[in-house]
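Residue-level listing of the chains:
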Amino acid sequence: MESSAQVPVLPSEVRNLRGERILASPQFRDGAFRNTLFEAASMPRPPWSVMKQFMFDRSVQRVPVRPISTHDPRPGWAQAADTGLRTTWLGHSTVLIELGKTVVLTDPVWGLRASPMSFMGPKRFFAAPVAIENLPRVDVVLISHDHYDHLCKASVLALAKRDVIFVTSLGVGARLERWGIAAANIVELDWGEQWSGRGVTLCAEPAQHFSGRTFRDRNSTLWASWVIKGERHQVFFSGDTGLTPQFADVRRKHGAFDVVMLEIGAYHEAWGSIHMGPHKALQAFDMLGGGTLLPVHWGTFNLGLHAWDEPIVDIVAAAPQLAGAVITPPVGHVLEPISQQAQDAAAGRTNHQAWW
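Nothing here was measured: the structure is a model prediction, and the numbers come from that model.

**Overview of the nonpolar core**
- Counting 73 residues, the largest nonpolar core has Ile97, Val167, Phe236, Met261 and Leu262 as its most contacted members.
- When near neighbours in sequence (up to four residues on either side) are disregarded, Met261 contacts Val95, Ile97, Val235, Phe236, Phe237, Ser238, Leu294 and Val296.
- In terms of nonpolar packing, the next biggest core, distinct from the first, is built from 23 residues, Leu105, Leu135, Leu159 and Val172 among them.

Okay, here's the thing in C-alpha cells:
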C-alpha cells in the first residue's frame, strides 16, 4: 500500500475506505491513476491550436444537417430474444444489452448536453429514443468512467429509483454515493477484478484513457474496458480507450466474444493515445478476436474535429476486410446480432443500413 503521505492528493469524497482501495491499486501511483503505456497524469492537454479549431472551425460538417430518425424500441423489447443475446444502441455509448434474462445498461446518458453546464457544451443530435421511465427492467447499470458523456448525474439518479446495481471503475463509487446512491447498490472494480450477480459476471479490464469532471480531480478515479458474461454469451464493451496491446491479453483471458462494442468517434491525432477512432478500432477488433462489431461513441454529440458521420462511414468502407461482421443499427433498433449475422451471411449481404 502507498504511504499515507499521498492521501491529501485525493478529493475529499474518497478519503475513506474507498480511498484505501484506491491507494492499494497497482494503477494508482504518485497521487493519480496511470495508464500502462503512458502517464495519463502527465498527459499534455491539446494545444491551443486544436482547441481553437474545435471552437471555431466549421470546415467539416460536425453536426447533422437533417434530423436523425430514431426507433421506438419498446415493441421489440416486448418480444423474447430467440438467441438469448440482444442489443439496442440508444446513442453514443449507451447500449441496452439483454443476456438471457439479465439486462445490462452501459454508460447511460439521457441528458441534453455532455457538459457540467445545462446552457452550453456539446448538445445531443437527437432525443433519446425512449425515456428512462419506459425502459424495461434493468438489472445492472455499467459506468465505464466518470466523463460527462458517460456519467450523467440526472440519468443515474433516475435509474437509481429502480432496483439496479451500479458497477463502475474504482473510485467512481464515491461520487455516486455522494449523489445519494446507496453504498450497497454500488460495486467498484479495479482492473482484473470481477463481480457476479443477477445472472451475469462483469470483469474490469485495462483501457488507455483518463478521468475527471473538473480541473481539480483529474485521474482521481479509474477508467476501464469491460467483459460482460451471461450463461450462454459474452460481450466486450470498450468504454473510452486508445489502442493498447492489452486487448490481445483480454482475448486470451476470456476467449471469443459474441459482440464487441468499440468506441470509434471523437478522435484526433492530438488525443490519439486515449481515443481509437475507426481505423485503430479495427485493429482492436482484430486483437479481440473478431466476431461481430457494434460501433459506439459516435453520432450523438459533437466531440471531435471530424465530420459527424466520418467514423461510421470509414468502418463500413472497411467492412469487407474485417475478420467478422459489423452491424450498424439505427438508434433504438432492437437487434439480435447472432441471428442477424447468420441471416446476412446466408443472403450474401452486409447489415449496413445507411440511415445516417
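**Things to note about unusual backbone geometry**
- The backbone of Asp30 sits at a positive phi, close to 55 degrees, despite the residue not being glycine.
- Assignment of secondary structure puts Asp30 in the loop between β1 (28–29) and β2 (32–33).
- We classify Asp30 as exposed; its relative accessible area is 64%.
- Even without a glycine there, the phi angle at Arg198 is positive, about 55 degrees.
- Note on Arg198: relative accessible area 32%, which makes it partly exposed.

**What to know about the sheet that holds strand β11 (residues 225–229)**
- Read across the sheet, seven strands follow the order β9-β10-β11-β12-β13-β14-β15 without closing on themselves; strand pairing throughout is mixed. Across the chains shown, the open sheet's two edge strands, defined by having one partner strand only, are β9 (194–197) and β15 (324–326). The average undirected angle you get between the axes of adjacent strands in this sheet is 20 degrees.
- Judged from the three bridges that link them, strand β14 (residues 291–296) and β15 form a sheet pairing that is parallel. Its bridge partner lying in β15, Gly291 is registered against Gly324.
- Where helix α7 (residues 277–287) meets the sheet, it contacts β13 (259–263), β14 and β15, and its direction lies at approximately 150 degrees from that of β13.

Conventions and cut-offs
- Residues numbered from 1 in each chain as written.
- Predicted model: local features only at pLDDT ≥ 70, side-chain atom pairs only at ≥ 80, totals over all residues.
- Heavy atoms only, no water.
- Core = buried A, V, L, I, M, F, W, Y, C linked by side-chain atoms within 4.5 Å.
- Buried < 20%, exposed > 50% of the residue type's maximum accessible area, 1.4 Å probe, protein only.
- Contact = heavy atoms within 4.5 Å.
- Helix = DSSP H or I, 4+ residues; strand = E, 2+ residues; numbered from the N terminus.
- Pairing = 2+ DSSP bridges.
- Axes fitted to C-alpha atoms, helices over the stretch in contact; angles between N-to-C directions.

Such coordinate-based values are descriptive only and should not be taken to indicate function.
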